Amino acid sequence: MKITITAVSVPALRQIQAFRKRYEQQYPEDDLTIVCFYVAGQEQRYVLEPERIIKDIATADVAVVDTMGASEELQEIVAKGLKACKGHRIVIGNALRDYIRLGSFSMGAMGKMMKGSGGKKDSSGLGLSIVKAICQRYGFSIKYYFEEGLHVFEINKKSSAGALTKMHRMRRMAMMMGNVLPFGVTRDMKNVFLLIDYWQQATRTDMESFMHLILRQYGGRKFLPKEKPCTMEYGVYLKDPFSMETWDTPAKFWKKAAFDSQRETVALLFYGHSYPNDFLPVVQALAEKLGERYNLLPIAFSQNEDGDLKKLRAFLMQKKTPVSAVVNLMPFRLGAGPMGGDAEQAVEILKELDVPYFKPFCLTRVSGEEWERADAVNPGEFLISILLPELDGGILTFPVGVMGSGSTEGEDSVFPQLEPIAERVDIFVARLFRMLELRKKKREEKRLAVIFYNYPPGESNVFGGAFLDTFASASRLLEGLKEAGYDTEGRSPEELQEVFVTGGHCNLPQWCEEGEDGITWEFEGEEY
């Protein structure tokens, strides 16, 4: 039996690699071949030489594909292999999901073509009634008819919910139907979603269950242990990043964590699962450093569910244990991602909380060596880790984690995993401390510096901004600061222009005389 795995998920691939070694030791006589392709950041390699990856996918008895975030060129190459594959095809994520085929289930068969007992029109019985009840329970409309000896269902969503909500409803419906009717297409449909859950959690237990389910039910290896329930918690919950213990209320958590009323509390938001990268080493580094000075409220997110933001609000708005800052290590906007969500509701929660919202991030496609040589983040990281979080009011958006070294050659491939950047973690926590201390000062005691554009240098570009009235913006800013209690005087746009341009106060040497020794250098003419 041949299983080909093409994936971006490092935790899953690492567990598959470990499983293969254990399996070969335990069952040396079994003819099982597992081929792995790690494709995150490796697109060009397979685009230039696509033959091997296409062939290994096409000749697989089971092809597992997880290409989230991969280039379109790579997706097309993988699709060629899937089209030619006559075996089972398990696709993680939205990309290429139309190629899913497991047993009698495929995307085309979703909710359709369930064969009745003996092909008799009156043999649908209790099972089909249960299916109808399940569909109605999760908001799907169902149409049934009998055609060519088959009981045919057409299932459609009644309302126009977002993609994320639809996916969760579909998953819950599939799991319920698979439990009630554990055979044929409903069993296989349930197994697809169960395999996806195992893959995204990617612990040793989950990946063993992932492989055992495939090998037992679709590979004929009945001697293997039956798969276990997925260890994933769903939705938003509290999770100790060291012990992995979880709680559903802050009250239960603080009983174990021993809340210190003399300390401020910082909420740390992070992924509770390991897909496509395991953030835990970076989460632990931040948690350890923050825990030296603050109470830590660790809030985990896994498989976003309906009502998650209500839970998040309840966690953050505890009167007995008020939160002084929120640190979010997850990319994208809070409460939303590539599958949709409700970012606006999350923003309202942050506004109501009214504390600093910090957004450090991890570089998931860049090695430590590459980061040392780089002078900027790549466009993808900029979009999901800086630009989008800033729409929520995120600050201190700079890297605190990076991919470690790894290789994908040979039998004993070493897959890279996220590692904390120690000095960045220290800098981040130090800045967070200064920010929280600053909030304790009276506003009239604070000193603010406002920087405006002046490039290229010179009076003609003071407060420069294409098609923007920046003097008016500066005037409004001063008015707002004065109203908020800062010790400053308001000035009109015309007055500001008079001071900086007409008055000749731009680029005067006097502004740097006091410290000019540290910022200026003198050269003899010949040396220059």
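Residues numbered from 1 in each chain as written. Predicted model: local features only at pLDDT ≥ 70, side-chain atom pairs only at ≥ 80, totals over all residues. Heavy atoms only, no water.

Draft legend 1. Expanded view of the overall build of the protein. A tally of regular secondary structure across the protein gives 18 helices and 19 strands. Relative to its full complement of 528 residues, the protein shows a buried share of 44%. Looking at the protein as shown, the accessible area adds up to about 28300 Å², and 50% of this sits on carbon and sulfur atoms. (Helix = DSSP H or I, 4+ residues; strand = E, 2+ residues; numbered from the N terminus. Buried < 20%, exposed > 50% of the residue type's maximum accessible area, 1.4 Å probe, protein only. Areas by Shrake-Rupley, 256 points an atom, 1.4 Å probe, with all protein chains shown as cover.)

Draft legend 2. Geometry of the side chain of Arg221. Tracing the chain through its elements places Arg221 in the loop between helix H8 (204-219) and strand E9 (235-239). Exposure remark for Arg221: the relative accessible area of 9% places this residue in the buried category. Within the structure, Arg221 has its side chain in polar contact with the side chain of Asp30 (distance 2.7 Å). Filtering out sequence-adjacent residues up to four positions away, Arg221 remains in contact with Met1, Tyr23, Asp30, Asp31, Leu215 and Arg216. (Polar contact = N/O pair within 3.5 Å; in protein donor to acceptor, adjacent residues only side chain to side chain. Contact = heavy atoms within 4.5 Å.)

Draft legend 3. Just a nonpolar patch on the surface, in detail. On the surface, Phe382, Leu383, Leu387 and Leu391 cluster together into a nonpolar patch covering about 350 Å² of accessible area. Here Leu391 is to be found in helix H14 (residues 379-391). (Patch = residues over 30% accessible without salt bridge, like charges linked within 9 Å, V, L, I, M, F, W, Y side chains within 5 Å. Salt bridge = Lys/Arg side-chain N within 4 Å of Asp/Glu carboxyl O.)

Draft legend 4. Broad picture of the packing of aromatic side chains. In total, this model carries 15 aromatic pairs according to the counting rule given. Each ring, one from Phe358 and one from Phe428, has its centre 5.9 Å from the other, and the planes form 90°; the classification is edge-to-face. Placement of Phe358 in strand E16 (residues 357-358) and of Phe428 in helix H15 (residues 422-440) is noted, with a sequence separation of 70 residues between them. Judged by relative accessible area, Phe428 falls into the buried class, the value being 0%. Between Phe463 and Phe500, the ring centres sit 5.2 Å apart and the planes meet at 45°, which makes this aromatic pair tilted. Of this pair, Phe463 sits in the loop between H15 and helix H16 (470-483) while Phe500 sits in helix H17 (residues 493-502), and the two are 37 residues apart along the sequence. For Phe463, a relative accessible area of 10% gives the class buried. (Phe/Tyr/Trp six-rings, centres within 6.5 Å; stacked < 30°, edge-to-face > 60°.)

Draft legend 5. Molecular detail of the sheet that holds E9. Ordered by their spatial adjacency, 6 strands build an open sheet running E10-E9-E12-E11-E13-E16, and the pairing between neighbours is mixed. What marks the edges here is a single partner per strand, and that holds for strand E10 (246-247) and E16. Alignment of E9 against strand E12 (residues 295-302), held across 4 bridges, turns out to be antiparallel. Paired with Val236 across the two strands is Phe301, which belongs to E12. The strands touched by helix H10 (residues 280-291) are strand E11 (265-271) and E12; relative to E11, the strand with the most contacts, the crossing angle is about 175°. (Pairing = 2+ DSSP bridges. Axes fitted to C-alpha atoms, helices over the stretch in contact; angles between N-to-C directions.)

Draft legend 6. Fine view of the sheet that holds strand E19 (residues 418-420). Pairing within the open sheet is mixed, and its 3 strands lie in the order E17-E18-E19. Sheet topology places strand E17 (361-367) and E19 at the edges, where each strand pairs with a single neighbour. Neighbour to neighbour, the strand axes of the sheet diverge by 35° on average, direction disregarded. For strand E18 (residues 399-403) and E19, the ladder comprises 3 bridges, and the chain directions are antiparallel. Counterpart to Gly401 in the pairing with E19 is Pro420.

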